[in-house]
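Descriptive analysis of the structure
What follows is the residue order along each chain.
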Amino acid sequence: MNTCIAIIGAGPAGLLLGQLLQRAGIDNVILERQSADYVLGRIRAGVLEQGMVDLLHEAGVGERMMREGEVHDGVELVVEGRRERLDLHGLTGGRTVTVYGQTEVTRDLMQARRDNGARTFYEVPDVSLHDLDSDRPRVRFTLDGEPVELSCDYIAGCDGYHGISRQSIPAGVLQTFERVYPFGWLGLLSDTPPVNPELIYASHPRGFALCSMRSPTRSRYYVQVGLCERVEDWSDERFWDELKRRLPEEVAGQLVTGPSLEKSIAPLRSFVVEPMQHGRLFLLGDAAHIVPPTGAKGLNLAASDVSTLYRILLQVYRDGRTDLLARYSAICLRRIWKAERFSWWMTRLLHRFPDTDPFDERILRAELDYVLGSEAGRRTLAENYVGLPYEAIE
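Rules of the game
Residues numbered from 1 in each chain as written. Predicted model: local features only at pLDDT ≥ 70, side-chain atom pairs only at ≥ 80, totals over all residues. Heavy atoms only, no water. Phe/Tyr/Trp six-rings, centres within 6.5 Å; stacked < 30°, edge-to-face > 60°. Lys NZ or Arg CZ within 6 Å of the ring centre and 35° of its normal. Salt bridge = Lys/Arg side-chain N within 4 Å of Asp/Glu carboxyl O. Helix = DSSP H or I, 4+ residues; strand = E, 2+ residues; numbered from the N terminus. Core = buried A, V, L, I, M, F, W, Y, C linked by side-chain atoms within 4.5 Å. Buried < 20%, exposed > 50% of the residue type's maximum accessible area, 1.4 Å probe, protein only. Contact = heavy atoms within 4.5 Å. Expected span 1.5 Å × (residues − 1). Axes fitted to C-alpha atoms, helices over the stretch in contact; angles between N-to-C directions. Parallel < 35°, antiparallel > 145°, perpendicular 65-115°, else oblique. Left-handed = near helix turned anticlockwise from the far one by under 90°. Nonpolar A, V, L, I, M, F, W, Y, C, P; charged D, E, K, R; others polar. Pairing = 2+ DSSP bridges.

1. Notes on the packing of aromatic side chains
For the structure shown, the criterion picks out 16 aromatic pairs. An aromatic cluster of three or more residues is present, and its members are Trp185, Tyr201, Phe208, Tyr222 and Tyr385. Directly above the ring of Tyr161 sits Arg166, whose terminal nitrogen or CZ lies 4.8 Å from the centroid. Taking the ring centre of Tyr385 as reference, the NZ or CZ of Lys297 above it sits at 5.8 Å.

Written as structure tokens, this is what we have:
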């Protein structure tokens with residue numbers, strides 16, 4: 001089997017890269033270790049930056065997003081019970097975010113790939129990568145009980161933190177940067193109307209809380225919990241009671257509760273590897289970096305990686321600009337570290353850390369007061385939240 005680009009992983013990053021390449025006439029094959037249903041069953045982010053929205057339109061999969069997604073001009077922060085609205089649209093010259101679930105993005109990309117007849121192979125758990133330093137790397141896997149060898153020009157590793165792509169890079173090549181946070185997010189998904197038209201980020205003495213949504217009838221809520229907590233110990237009633245305690249009275253009074261469709265605890269971490277490439281293998285998304293979800297940057301960072309690699313490959317195949325390939329990692333990392341900083345800063349500012357002493361507590365309180373009381377501070381927060389511009393290739 002032969003192709004131009006072998007894409008490992010059929011999550012939104014792999015599917016988006018494949019869709020963009022396919023529309024540009026660059027053949028690609030996607031390999032995914034899980035089933036299509038499993039991929040669609042993942043409950044993930046739902047806040048899309050302006051840049052990702054534009055990229056989905058460029059890929060030809062933005063129609064349903066525009067019809068069913070919710071464009072948000074602002075976001076609310078709750079500090080010491082005081083509600084502060086951040087005017088994203090006004091502070092950033094008209095930029096916004098769109099609430100549209102990652103599951104729906106994946107569904108749209110899957111349908112587009114079926115429509116154009118591109119090759120995607122699911123349930124291939126034994127993928128291995130070979131000859132990454134050669135002019136023709138190879139991917140081996142088993143399909144329908146038969147061994148297959150896929151020969152390609154380049155490999156895009158979009159298979160997440162635990163995937164084979166990063167693990168295939170020889171020891172000593174990558175440098176890892178990591179910060180593990182001493183808490184997690186307990187999330188609940190319910191078929192209930194959102195408590196507020198815009199997202200609410202709440203800082204509270206009992207811990208952080210987030211009120212988000214997937215649609216006008218489906219909500220996603222989170223509360224900060226300790227790493228020792230278990231989902232089994234959190235009944236729906238206990239979750240709703242705790243969430244209400246962390247919200248202003250007028251918001252808690254409007255909260256519509258209901259049975260959970262899904263509950264899970266996600267640990268928080270910051271993680272980056274450098275470089276994001278080795279030979280003809282390029283890492284994208286969670287394979288190369290992870291951010292705490294506070295800044296809504298995970299999926300969006302993966303999209304900016306896709307944009308960078310896609311535009312480089314366009315110049316490789318159209319103009320023979322193979323020199324640009326060596327710059328992929330450096331271009332991506334400039335934007336990644338800015339997003340890592342913002343996500344770390346938001347996490348530090350809004351959560352309760354067990355080791356925070358009274359001095360640190362006062363400093364954090366003063367910083368929040370300054371940011372929200374200053375137009376420059378509000379603009380900085382808004383610019384980062386809607387997403388910084390994608391880095392130029394040249």
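Still more ground to cover, so stick around.
2. Describing the pattern of salt bridges
For the coordinates displayed, the defined rule picks out 34 salt bridges. In this structure, Arg64 engages Glu68 in a salt bridge whose closest nitrogen and oxygen atoms are separated by 3.0 Å. In this pair, Arg64 and Glu68 both sit in helix α4 (residues 63-68), four residues apart, roughly one turn of the helix. Measuring nitrogen to oxygen at the nearest pair gives 3.1 Å for the salt bridge that ties Asp233 to Arg230. Several salt bridges share partner residues, and in doing so they unite Glu63, Arg64, Arg67, Glu68, Glu104, Arg107 and Asp108 into one network.

3. Observations concerning the nonpolar core
Of all hydrophobic cores here, the largest spans 78 residues; its most connected members are Leu16, Leu17, Leu31, Leu48, Val139 and Ile155. Per-element tally for this core: the top contributor is helix α10 (residues 298-319), with eleven residues. Residues within four places of Ile155 in sequence aside, it is in contact with Ala6, Ile8, Leu129, Leu132, Pro137, Arg138, Val139, Arg280, Leu281 and Phe282. One finds Val75, Trp185, Leu381 and Val386 within the second-largest nonpolar core, a separate group that totals 34 residues.

4. Digging into helix α6 (residues 102-116)
Along its 15 residues, α6 runs 21 Å from first to last C-alpha, staying within 8% of the 21 Å computed at 1.5 Å per residue. All of the buried residues in α6 are Gln102, Thr103, Val105, Thr106, Asp108, Leu109, Met110, Ala112 and Arg113. One or two residues past the end of α6 sits Gly117, with phi positive at roughly 75°.

5. Some details on the packing of helix α1 (residues 12-23) against α10
Axis angle and axis distance: for two packed helices, these are the angle between their axes and the distance between the axes, and together they describe the pair. Axis separation between α1 and α10 bottoms out at 9 Å; the angle between their running directions is 30°. The pairing of α1 with α10 is recorded here as roughly parallel in orientation. Judged by the twist between their axes, the crossing of α1 over α10 is right-handed. Within the contact between the two elements, α1 uses Pro12, Ala13, Leu16, Leu17, Leu20 and Leu21 and α10 uses Leu299, Ala302, Ala303, Val306, Leu309, Tyr310 and Leu313. Residues belonging to the contact of α1 with α10 are distributed by class as follows: 13 nonpolar, no polar and no charged.

6. A short note on the packing of helix α11 (residues 328-350) against helix α13 (residues 375-386)
Running from amino to carboxyl end, α11 crosses α13 at an angle of 120°, the nearest separation of the two axes being 10 Å. With respect to α13, the element α11 is oriented oblique. Where α11 crosses over α13, the two elements pack in a sense that is left-handed. Of the residues in α13, those touching α11 at Lys338, Arg341, Phe342, Trp345 and Met346 are Leu381, Asn384 and Tyr385.

7. Quick notes on unusual backbone geometry
Cis geometry marks the peptide bond from Glu274 to Pro275, where omega comes out at -5°. As for its position among the elements, Pro275 is in the loop between β17 (260-274) and β18 (277-278). Even without being glycine, Glu123 reaches a positive phi, approximately 55°. For Glu123, the location among the structural elements is in the loop between β8 (119-121) and β9 (128-130). Phi at Ala296 is positive, roughly 55°, even though this residue is not glycine. For Ala296, the position within the fold is in the loop between β20 (289-290) and α10.

8. Let's talk about the sheet that holds strand β16 (residues 218-225)
The eight strands are arranged β6-β5-β14-β15-β16-β13-β17-β20 in an open sheet whose pairing can be described as mixed. At either margin of the open sheet sits one strand with a lone partner, and together these are β6 (82-87) and β20. Along the sheet, α13 contacts β5 (74-79), β6 and β14 (200-203); its crossing angle with β6, the most-contacted strand, is approximately 65°.

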